[in-house]
Amino acid sequence: ESAGLALQREGGGHYDRFRGRLMFCIGDEQGRVVGFSGRILTNDKDQPKYVNSPETAIFQKGKILFALGQAKRSILDDKLAIVCEGQLDTITCHEAGFTNVVAPHGTAFTEQPARILKRHTDEVVLMFDSDDAGQKAAARNAEPLWDLGVSIRVALLPAGHDPDSFLKANGADALRALLANAPGFFDFLLQRLSNQFDPRTERGKMQIAEQMVPWLCRIREPILQATFAQRTASRLDVREEVVRQAMKESARHGPRPHDDEPPISEPDAELPVGLPAEQTLLHLMLGDERIIETVGQRLDQPWLSARVDADMI
């Protein structure tokens, strides 16, 4: 019961949290089992696809990387870690010989797992789907690694594929080539923004610069910062001094607000702080205890806006 494997029934007794599920052991850095994840085996629509062990004294999902106990020797030997999204993808990669693959629990790759990887390697490849959600996930997961000075590359899989399906369709050599040709994160980000916003137009230049400058300001290594500032200036067809001045302004004042228009970070920018969806979720949780359990297992606190008290979840 304290490990979350058994749940109390109303009226007494217990029942199995993971009934009817395919089980995955979750280990710590030494490979010791500290929790479990269960994937549903039926088509039951009112049940979550995955159920994880709750937070316990030995299992905090934000501090654990799936398969690190099995992958750390390869990561140290290869001086490279590969991060993908799912447990099944990680297992398939290991079976295919890519034994330096790990995955975060949930989609929020936070500072803690980033520091764990930093202890083992200075280079990480983020392997995600090529759709918009996958590219957003790559950018989101890169942030804590970027702040720690880790060298990051991004391997985007072809449309419609995840690592599991790509390996089954194309084999290990194809994935090995994809990983070897993965561009650096900065080039990936600059190209992604250039695809979204036309760098030949004045508005496009401003939109790209507004997102690139904060990343540039967070680079600790002066040589790398200078290199990436030059690349940004070249893509925008402006003098490097202009980018440097924008960096100084950003460092001094922070991002300047736009009073007459919404944020232009992306065409489908997220809603501002205080999401109505969060209020709806709270109402649903109050009305159905099953939803409370699902939210507790699958919702990462960093997803919540500042106006929602995380302790309520």
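Residues numbered from 1 in each chain as written. Predicted model: local features only at pLDDT ≥ 70, side-chain atom pairs only at ≥ 80, totals over all residues. Heavy atoms only, no water.

**Points about the pairing of strand β8 (residues 101–104)**
Right, on to step 1. Burial along β8 is two-sided: the face carrying V101 and A103 and the face carrying V102 and P104 are both buried.
Right, on to step 2. Both strand β6 (residues 65–66) and β8 contribute to a ladder of two bridges, which runs antiparallel. For L65, the partnering residue across the bridge sits in β8 and is P104.
Right, on to step 3. Looking at chain direction, strand β7 (residues 81–83) and β8 are connected through two bridges and run parallel. Counted as the bridge partner of V83 is V102 from β8.
Right, on to step 4. After leaving β7, the chain enters helix α2 (residues 87–95) and then returns to the sheet as β8, a path that is right-handed. (Buried < 20%, exposed > 50% of the residue type's maximum accessible area, 1.4 Å probe, protein only. Helix = DSSP H or I, 4+ residues; strand = E, 2+ residues; numbered from the N terminus. Pairing = 2+ DSSP bridges. Right-handed = clockwise from strand over helix to strand, strands pointing away.)

**What to know about the pattern of salt bridges**
Note on pairing: side chains with opposite charge can pair once their charged atoms come close.
Right, on to step 1. For the coordinates displayed, the defined rule picks out 16 salt bridges.
Right, on to step 2. Salt-bridge contacts for R73 lead to D77; the nearest nitrogen and oxygen are separated by 3.6 Å. Linking R73 with D77, this pair stays in helix α1 (residues 68–78), spanning four residues, or about one helical turn.
Right, on to step 3. Across the pair D173 and R176 runs a salt bridge whose closest N-O atoms are separated by 2.8 Å. Residue D173 and its partner R176 are both found in helix α6 (residues 172–180); the two are separated by three residues, about one turn of the helix.
Right, on to step 4. Look at R176 and you get partly exposed, because its relative accessible area is 42%.
Right, on to step 5. Salt bridges sharing common partners tie together D132, K136 and R192. (Salt bridge = Lys/Arg side-chain N within 4 Å of Asp/Glu carboxyl O.)

**Quick look at the packing of helix α5 (residues 163–170) against α6**
Right, on to step 1. Running from N to C, α5 and α6 point in directions that differ by 125 degrees, and their axes come no closer than 7 Å. Considering the angle they form, α5 stands oblique to α6. Here F166, L167 and N170 of α5 lie close against α6, whose contacting residues are A172, A174 and L175.
Right, on to step 2. In terms of residue class, the contact of α5 with α6 is built from five nonpolar, one polar and no charged. (Axes fitted to C-alpha atoms, helices over the stretch in contact; angles between N-to-C directions. Parallel < 35°, antiparallel > 145°, perpendicular 65-115°, else oblique. Contact = heavy atoms within 4.5 Å. Nonpolar A, V, L, I, M, F, W, Y, C, P; charged D, E, K, R; others polar.)

**Digging into the environment of R235**
Right, on to step 1. With respect to the helices and strands, R235 occurs in helix α9 (residues 222–236).
Right, on to step 2. Judged by relative accessible area, R235 falls into the partly exposed class, the value being 32%.
Right, on to step 3. Residues R235 and P199, spaced 36 residues apart in sequence, show a C-alpha to C-alpha distance of 7.1 Å.
Right, on to step 4. Of the polar contacts made by the side chain of R235, one reaches the side chain of S194; its length is 2.8 Å. (Polar contact = N/O pair within 3.5 Å; in protein donor to acceptor, adjacent residues only side chain to side chain.)

**Overview of the sheet that holds β8**
Right, on to step 1. Reading across from one edge, β6-β8-β7-β9-β10 is the order of the five strands in this open sheet, with mixed pairing throughout. Of all strands in the sheet, those bounded by a partner on one side alone are β6 and β10 (151–157).
Right, on to step 2. Against the sheet, α1 contacts β6, β7 and β8, and its axis sits at roughly 135 degrees relative to β8.
Right, on to step 3. This element, helix α4 (residues 132–147), spans β8, β9 (123–129) and β10 of the sheet and lies at about 160 degrees to β9.

**Quick look at unusual backbone geometry**
Right, on to step 1. The phi angle at A67 is positive, at roughly 75 degrees, despite the residue not being glycine.
Right, on to step 2. Exposure remark for A67: the relative accessible area of 11% places this residue in the buried category.
Right, on to step 3. A positive phi angle, near 60 degrees, is found at D237, a position not held by glycine.
Right, on to step 4. Mapped onto the elements of the fold, D237 is located in the loop between α9 and α10 (240–253).
Right, on to step 5. By relative accessible area, which is 65% here, D237 ends up exposed.

All we've got here are geometric facts, nothing functional implied.
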